[in-house]
Amino acid sequence: LADLPQGASRRTIALRIKLKAARLAGNTQVALDTARLLAKHRAFSPAASASVVRGLLLASIRDARDTSSLQQFWLSLDEEERAMPEVAIPATERLIALGGEAIQARAWLLPVWEHLLPHASPRTEAHLPQLVQVLQSCLSKLDAAWLARFETAANANPREPRLQYLAGVACVQRQLWGKAQQMLTRAAPLLQEPELRTRAWQRLALMAEHRGDMEASASAWKLAAQAVAVLPENPALDE
């Protein structure tokens, strides 16, 4: 490969063979580097190149066995790749699963948040549920800047219950009980995802208990239970 002329078509063919061999051998990093090189030289269509590279990036995420190797992978990405929700969200989920820090998890999601939220589009709709799911799992030590992002997004999108929910659980984390109550009460009946709806009612039930309103608490627990009942193929319910 090294001896072949740079622009030769036979070099492209050889690189295709190298890519296939690396994938078959399970050498994800070599395959990824080769796919990027082929994409650079337009050996595939843009759509095919993006699909191959994205698939290898996801394989690299799955292959990470500790936070150190995952962080090394993250640093190897360029700015455009880090902003891809198809890459950043699974990478952050993997970081959290491996015991990574919530502050770092939010930092990885910031480019996705900044690219998705200002522009309402089918792409936003496709990735928002997963983005909300992973963000709610890394709210520990939430700072004022992130709280402001959540509140701004919720206020700018009053008809998007998932953003109302996210702002609500962020307010719970910061012990802003009045705002949390307002946001979650608005979001809970409108959430389409059973898991989010369940958690919203559960938090409202716990806050009602805390302030001594047992009637409101019982009502919220009942609604939470009803939301759990419609979870699709929930393994916990089958046990």
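Definitions and cut-offs
- Residues numbered from 1 in each chain as written.
- Predicted model: local features only at pLDDT ≥ 70, side-chain atom pairs only at ≥ 80, totals over all residues.
- Heavy atoms only, no water.
- Helix = DSSP H or I, 4+ residues; strand = E, 2+ residues; numbered from the N terminus.
- Buried < 20%, exposed > 50% of the residue type's maximum accessible area, 1.4 Å probe, protein only.
- Expected span 1.5 Å × (residues − 1).
- Arc of directions from axis to C-beta.
- Phe/Tyr/Trp six-rings, centres within 6.5 Å; stacked < 30°, edge-to-face > 60°.
- Lys NZ or Arg CZ within 6 Å of the ring centre and 35° of its normal.

**Q** How should I be thinking about the environment of Met-207 in this particular structure?
**A** Here Met-207 shows up in helix H12 (residues 194–210). Relative accessible area serves as the criterion here: at 9%, Met-207 is assigned to the buried category. In this structure the C-alpha to C-alpha distance between Met-207 and Val-172, which are 35 residues apart in sequence, comes to 9.1 Å.

**Q** Could you clarify how one ought to interpret helix H2 (residues 28–40) in this entry?
**A** Given 3.6 residues per helical turn, the α-helix brings residues three or four places apart onto the same face. With 13 residues, H2 should reach 18 Å at 1.5 Å per residue; the first-to-last C-alpha distance of 18 Å fits that figure. Buried residues of H2: Thr-28, Ala-31, Leu-32, Thr-34, Ala-35 and Leu-38, and no others. Mapping the buried residues of H2 onto a view down its axis gives an arc of 165 degrees, with all of them on the same face. Phi turns positive one or two residues past the end of H2, at Arg-42, with a value near 55 degrees.

**Q** For this particular structure, what's the right way to read the packing of aromatic side chains?
**A** How two aromatic rings sit relative to each other is set out by the distance from centre to centre and by the angle between their planes. For the structure on display, the rule yields 4 aromatic pairs. Between Trp-113 and Phe-150 the ring centres are 5.4 Å apart and the planes differ by 75 degrees, which places this aromatic pair in the edge-to-face class. With Trp-113 in helix H7 (residues 102–116) and Phe-150 in helix H9 (residues 144–156), this pair connects stretches of sequence that are 37 residues apart. The pair Trp-113 / Phe-150 is uniform in exposure class, with both members buried. Measuring from ring centre to ring centre gives 5.4 Å for Trp-146 and Phe-150, while their planes differ by 40 degrees; the resulting arrangement is tilted. Of the two residues, Trp-146 and Phe-150 are both situated in helix H9; the distance of 4 residues between them amounts to about one turn of the helix. Judged on exposure class, the residue Trp-146 and its partner Phe-150 are both buried. Across the ring face of Trp-146, the terminal group of Arg-149 is positioned such that the distance to the ring centre comes to 4.7 Å.

By themselves these figures say nothing about function.
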